[in-house]
Amino acid sequence: MAQVTNTGIIDAPSFVTARRALGISKTYIAMTVFMMVLAIAVWNPAYYARGGLLNNSTSNSITGNVLPGGSISSPHKAADSFTGLPFLAVPLNMIPAMMIASAVLILFVYDKNNGVLEYLLSLGMTQRGIYMRYLKATLLLVIVESIIFTIADSLYIWEFFGIKSLAAIIPVLLITIPFSLSIMAFMVIAMMAFSSLQKMRAGSNQPLGLVVGAAASIPGYFIPFALPFMEAFYADIAMIAIMACISAAFLAYSGKLIRREKFLP
């Protein structure tokens with residue numbers, strides 16, 4: 001009788017693909033960390049509150065410079081007093097996620113050009129099965145990056161602007177996670193579905209699919225300037241829902257969109 005061995009979760013295809021993506025070049029890890037630090041220190045959402053850059057020399061919270069009355073009684077009161085500008089950090093905070101997702105996209109193109117995908121097809125794997133490996137690996141890395149980033153950003157705001165400021169800004173931090181996941185999922189699905197997006201950009205080793213991710217986030221840069229705080233929050237939620245629906249539709253039709261020849265060198 002053949003012995004059945006259980007495969008641990010760290011040996012699952014998505015985890016293996018994620019490890020291979022991180023190992024293909026340390027540049028993407030370094031760029032991700034650099035952009036995370038930049039996002040926390042330079043375009044932190046607390047900086048975009050009413051009144052411009054906040055000065056914590058008066059107090060250890062944003063209340064003295066941002067909100068009338070010099071106090072925040074609740075996150076809802078803070079939200080009513082803010083402009084939507086703190087949500088400008090949402091698409092900007094997606095940049096570190098795009099950096100780490102780039103490693104998986106580069107790995108996909110690398111595997112395609114070197115016949116790895118053709119080999120997997122010869123083993124009987126379907127296009128959808130191969131496709132899901134890279135999609136899950138991307139989402140896994142983005143989730144890990146987003147959690148680390150959100151915790152670090154929260155601690156930064158707590159330390160330099162106070163717990164009340166963190167309570168007021170927390171919707172911006174939390175919505176960044178689903179925003180990044182929806183944009184990254186759409187980016188990966190689009191690149192795999194359309195072989196033209198798998199080509200390298202001129203003078204760069206980045207596939208054209210990365211442009212899709214950047215372009216999909218463009219509405220997020222206009223929403224903060226057009227709407228107050230809570231309306232901007234709901235508008236971002238609507239944008240996330242739209243991107244998720246598009247990604248789900250692409251995934252449902254992946255069998256038709258992703259032809260075998262798109263996985264061949």
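Located above this text is the structure these notes cover.
Residues numbered from 1 in each chain as written. Predicted model: local features only at pLDDT ≥ 70, side-chain atom pairs only at ≥ 80, totals over all residues. Heavy atoms only, no water.

**Q** I'm lost on the packing of aromatic side chains in this one. Help?
**A** Aromatic rings considered in pairs are described by the distance between their centres and by the relative angle of their planes. Within the structure shown, the criterion is met by 8 aromatic pairs. A ring pair is formed by Phe87 and Phe233, whose centres lie 6.1 Å apart and whose planes are at 50°; its orientation type is tilted. One end of the pair, Phe87, is in the loop between α4 (75-81) and α5 (89-113); the other, Phe233, is in helix α11 (residues 229-252), and 146 residues separate them in sequence. The exposure class of Phe87 is buried, given its relative accessible area of 0%. Aromatic ring contacts, followed pair by pair, group Tyr47, Tyr156, Phe160 and Phe161 into a single cluster. (Phe/Tyr/Trp six-rings, centres within 6.5 Å; stacked < 30°, edge-to-face > 60°. Helix = DSSP H or I, 4+ residues; strand = E, 2+ residues; numbered from the N terminus. Buried < 20%, exposed > 50% of the residue type's maximum accessible area, 1.4 Å probe, protein only.)

**Q** Got a minute to help me understand helix α10 (residues 219-226) in this structure?
**A** Along an α-helix, a turn takes 3.6 residues, which lines up residues three or four apart on a common side. For α10, the complete set of buried residues consists of Gly220, Ile223 and Pro224. For α10, the arc enclosing every buried residue in end-on projection is 95°, short of the 170-degree limit, so these residues lie on one face. Of the exposed residues in α10, those oriented more than 90 degrees away from the buried face are Phe222, Phe225 and Ala226. The inward-facing, buried residues of α10 contact α5 and α11. (Arc of directions from axis to C-beta. Contact = heavy atoms within 4.5 Å.)

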